[in-house]
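# A look at the structure
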There are 2 protein chains.
Amino acid sequence: MKVSELSRRASVPLPTVKFYLRTGLLPSGERTGVNQSEYGEAHLRRLAAIRALRDIGGLSVEQIADVLRAIDDPALCVRDVLAQSSDAMLARPRGETAPEDAPAFDAALSEIDQVFTTLDWRVRPGSQTRRQLAETLLALRRTGFPGLPAGAFLEYAHHVEPIARMEIDYFHDAATGSREQVVESSVVGTVLWERVITALRRAAHESLVSRIPEFSEPPAP
Amino acid sequence: MKVSELSRRASVPLPTVKFYLRTGLLPSGERTGVNQSEYGEAHLRRLAAIRALRDIGGLSVEQIADVLRAIDDPALCVRDVLAQSSDAMLARPRGETAPEDAPAFDAALSEIDQVFTTLDWRVRPGSQTRRQLAETLLALRRTGFPGLPAGAFLEYAHHVEPIARMEIDYFHDAATGSREQVVESSVVGTVLWERVITALRRAAHESLVSRIPEFSEPPAP
């Protein structure tokens with residue numbers, strides 16, 4: 001198909017498609033004339049992936065480029081593609097430095113490692129998930145909530161593990177098609193289903209709160 | 001305490017604190033001199049809340065202002081504070097228009113409503129959670145994943161409901177202190193624990209993938 005049809009079928013404005021082509025997020029089509037190229041289903045799929053990562057995942061163009069670089073690297077095994085693209089998605093924006101004071105952050109990291117050990121989860125020492133969890137632990141402490149966040153992390157993990165298991169089982173069973181297609185759909189699925197989980201959680205909150213009579217009472221004057 | 005001590009104790013740079021004071025995100029202190037004001041624990045808590053909403057929640061200053069306006073509105077019951085602040089957090093950035101074609105979007109909204117009816121969840125027709133879920137349903141369809149997304153939404157909901165129930169039960173039991181404190185901690189908690197859930201999910205993915213031998217095999221040449 002021509003670039004105009006690609007734009008129409010993907011519902012992505014033509015200037016945006018051209019921007020993705022210029023920056024290399026979208027690979028060039030097959031040149032068929034001086035100013036004309038042919039695009040295929042892989043381009044359509046890639047555009048849907050870019051759009052999902054940007055619109056739903058809120059990723060920057062830089063982050064998307066890092067994710068796609070991992071997906072397109074023919075030397076990486078599936079595990080490493082997923083690890084690298086996960087790190088790219090969770091990475092702090094370039095140039096932004098850690099706002100935390102280092103000793104408190106290192107202590108929080110140790111607590112997170114302890115949680116992973118208790119759960120028998122194998123997570124790379126450099127995984128961005130560890131950094132995010134340590135930062136959130138510090139933020140929870142800063143707000144001065146009562147209770148023991150590190151203990152609650154375990155409780156959350158027990159709820160989250162079956163979700164992750166369902167997803168990886170599904171991914172494993174459905175892992176047919178080209179290697180690029182498999183990892184692309186896995187990365188995009190991680191982002192899209194994350195949004196489903198977080199939106200469902202908030203919808204469930206709304207429903208549960210609406211059933212507690214005192215929360216609907218007008219505030220005392 | 002003076003504004004400099006507030007900045008230090010909250011680990012928020014002084015120019016940032018002054019920016020929050022100028023824009024009204026942070027209420028003014030009690031004036032004690034021509035160029036001096038006194039700040040208290042409520043300011044410290046509010047700064048931690050702003051920082052969590054910005055750094056962890058990724059909210060814009062406009063969104064944070066909307067959230068804080070709901071928290072500070074003395075006429076709202078707890079349910080309405082939570083609904084309004086949830087909508088403010090999930091709202092599309094101002095000026096950005098819906099990219100979807102309307103009939104497909106309306107059909108997706110009906111599917112989401114059907115999911116809520118099946119679950120017996122009470123969610124306002126105007127809730128931003130419905131919009132997010134409908135958008136994500138369309139994005140999932142666009143990527144061309146196999147399977148039935150609407151059916152999978154139900155499966156996810158069954159996993160997510162116990163998490164939301166644990167949180168609302170905890171919030172309900174812990175709902176002591178001033179009304180402002182209660183809703184502030186609930187809104188901030190929603191954002192911080194969401195990050196815990198999403199980071200734990202990705203850590204669990206990493207651990208599960210590392211145990212599937214074929215995912216660690218080098219790609220076929």
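Residues numbered from 1 in each chain as written. Chains lettered and ligands numbered in written order. Predicted model: local features only at pLDDT ≥ 70, side-chain atom pairs only at ≥ 80, totals over all residues. Heavy atoms only, no water.

The next thing to look at is the overall build of chain A. Each helix and strand counted, chain A has nine helices and two strands in total. Written out in order from the N terminus, the α and β elements of chain A read α-α-β-β-α-α-α-α-α-α-α. For a compact globule of 221 residues, the expected C-alpha radius of gyration is about 17 Å, and chain A comes in at 22 Å, more than 25% above that figure. When contacts within chain A are restricted to residue pairs at least 6 apart in sequence, long-range pairs at least 24 apart make up 61% of them. Summed over all atoms, the accessible surface of chain A reaches about 10,500 Å², with 54% contributed by carbon and sulfur. Chain A carries 26 positive and 30 negative side-chain charges, and their two centres are separated by 6 Å. (Helix = DSSP H or I, 4+ residues; strand = E, 2+ residues; numbered from the N terminus. Rg over C-alpha atoms; globule rule 2.2 N^0.38 Å. Contact = heavy atoms within 4.5 Å. Areas by Shrake-Rupley, 256 points an atom, 1.4 Å probe, with all protein chains shown as cover. Lys, Arg positive; Asp, Glu negative; His and termini not counted. Charge placed at Lys NZ, Arg CZ, Asp CG, Glu CD.)

Take the interface of chain A and chain B next. In this assembly, 87 residues from chain A lie in contact with 87 residues from chain B. With both chains or domains summed, chain A and chain B bury close to 8,500 Å², and 68% of this area falls on carbon and sulfur atoms. Connecting chain A to chain B are ten salt bridges. One can count 26 residue pairs in polar contact (both at pLDDT 80 or more) joining chain A with chain B. If you list the elements that add at least two residues to the side of chain A that touches chain B, you get helix H3 (41–56), helix H5 (78–90), helix H7 (128–142), helix H8 (149–173) and helix H9 (179–210) of chain A. The biggest single contributor to the side of chain A that touches chain B is H9(A), with 25 residues. (Buried area = accessible area lost by both parts, 1.4 Å probe. Salt bridge = Lys/Arg side-chain N within 4 Å of Asp/Glu carboxyl O. Polar contact = N/O pair within 3.5 Å; in protein donor to acceptor, adjacent residues only side chain to side chain.)

Okay, the relation of the copies chain A and chain B next. When chain A is fitted to chain B, the residual RMSD is 0.0 Å, and the transformation amounts to a turn of 180° plus an axial shift of 0.0 Å. Expressed as an axis order, the relation between the two copies is that of a two-fold axis. Distance from the rotation axis, computed per C-alpha, reaches its smallest value in chain A at His159(A): 3.7 Å. Here 100% of the contact residues of chain A are again contact residues in chain B; the copies associate through an equivalent surface. (Least-squares fit on C-alpha atoms with pLDDT ≥ 70 in both.)

Let us look at helix H5 (residues 78–90) of chain B. The end-to-end C-alpha separation of H5(B) is 18 Å, in line with the 18 Å expected for 13 residues at 1.5 Å each. Counted residue by residue, H5(B) has ten buried out of 13 residues, so it is predominantly covered. Val78(B), Val81(B), Leu82(B), Ala83(B), Ser85(B), Ser86(B), Asp87(B), Ala88(B), Met89(B) and Leu90(B) are the residues of H5(B) that are buried. For H5(B), the secondary structure elements touched by its buried residues are H9 of chain A together with helix H3 (41–56), helix H4 (61–72), helix H7 (128–143), helix H8 (149–173) and helix H9 (179–210) of chain B. (Expected span 1.5 Å × (residues − 1). Buried < 20%, exposed > 50% of the residue type's maximum accessible area, 1.4 Å probe, protein only.)

Right, let's get into the packing of H7(B) against H8(B). Residues and elements named next belong to chain B. Interhelical geometry of H7 versus H8 gives an angle of 130° and a closest axis separation of 10 Å. Judged by the angle between their axes, H7 and H8 are oblique. The two elements H7 and H8 meet at a crossing, and its hand is right-handed. In this structure, H7 contributes Leu 133, Leu 137, Leu 140 and Arg 141 to the contact, and H8 contributes Pro 149, Ala 150 and Phe 153. Each residue belonging to the contact of H7 with H8 can be placed in one class, and the counts come to six nonpolar, no polar and one charged. (Axes fitted to C-alpha atoms, helices over the stretch in contact; angles between N-to-C directions. Parallel < 35°, antiparallel > 145°, perpendicular 65-115°, else oblique. Left-handed = near helix turned anticlockwise from the far one by under 90°. Nonpolar A, V, L, I, M, F, W, Y, C, P; charged D, E, K, R; others polar.)

At 3.6 residues per turn, the α-helix brings residues three or four places apart onto the same side. An ideal rise of 1.5 Å per residue puts 46 Å on 32 residues; H9(B) measures up with 46 Å between its terminal C-alpha atoms. For H9(B), the buried fraction is high: 27 of the 32 residues fall into the buried class.

Attention shifts here to the pattern of salt bridges. Should their charged atoms come close, side chains of opposite charge can pair. Applying the stated rule across the entire model yields 36 salt bridges over all chains. A salt bridge links Arg130(B) to Asp113(B); its shortest N-O distance comes to 2.8 Å. Residue Arg130(B) is located in helix H7, and its partner Asp113(B) is located in helix H6 (residues 102–119); the two are separated by 17 residues in the primary sequence. You can call Arg130(B) buried: its relative accessible area is 11%. With a closest N to O distance of 2.7 Å, Arg131(B) and Glu135(B) form a salt bridge. Highlighted residues: Arg131(B) and Glu135(B), both in helix H7, separated by four residues, approximately one helical turn. The exposure class of Arg131(B) is buried, given its relative accessible area of 13%. On the basis of relative accessible area, Glu135(B) is assigned to the buried category, the value being 10%. Through salt bridges with shared partners, a single network forms among Arg45(A), Arg46(A), Asp72(A) and Glu184(A).

So, about the confidence of the model for chain A. Mean pLDDT over chain A works out to 88, with 93% of the residues at or above the 70 mark. The ipTM assigned to the predicted complex is 0.91, against a pTM of 0.90. (pLDDT = per-residue confidence, 0-100.)

This brings us to the packing of aromatic side chains. Applying the stated criterion to the full structure yields ten aromatic pairs over all chains. Relative to Trp193(B), the ring of Phe153(A) has its centre 5.6 Å away and its plane inclined at 70°; by these criteria the two rings are edge-to-face. Remark: Trp193(B) occurs in helix H9 and Phe153(A) occurs in helix H8; the pair is interchain, linking two chains. In this structure Trp193(B) comes out as buried when scored by relative accessible area, which is 13%. Through a chain of ring-to-ring contacts, three or more aromatic side chains come together here, namely Phe153(A), Tyr156(A) and Trp193(B). (Phe/Tyr/Trp six-rings, centres within 6.5 Å; stacked < 30°, edge-to-face > 60°.)

Below, the discussion takes up the side chain of Arg202(A). Structurally, Arg202(A) is set in helix H9. Apart from the residues lying within four places of it in its own chain, the contact partners of Arg202(A) are Ser86(B), Met89(B), Leu90(B), Thr129(B), Thr190(B), Val191(B) and Glu194(B).

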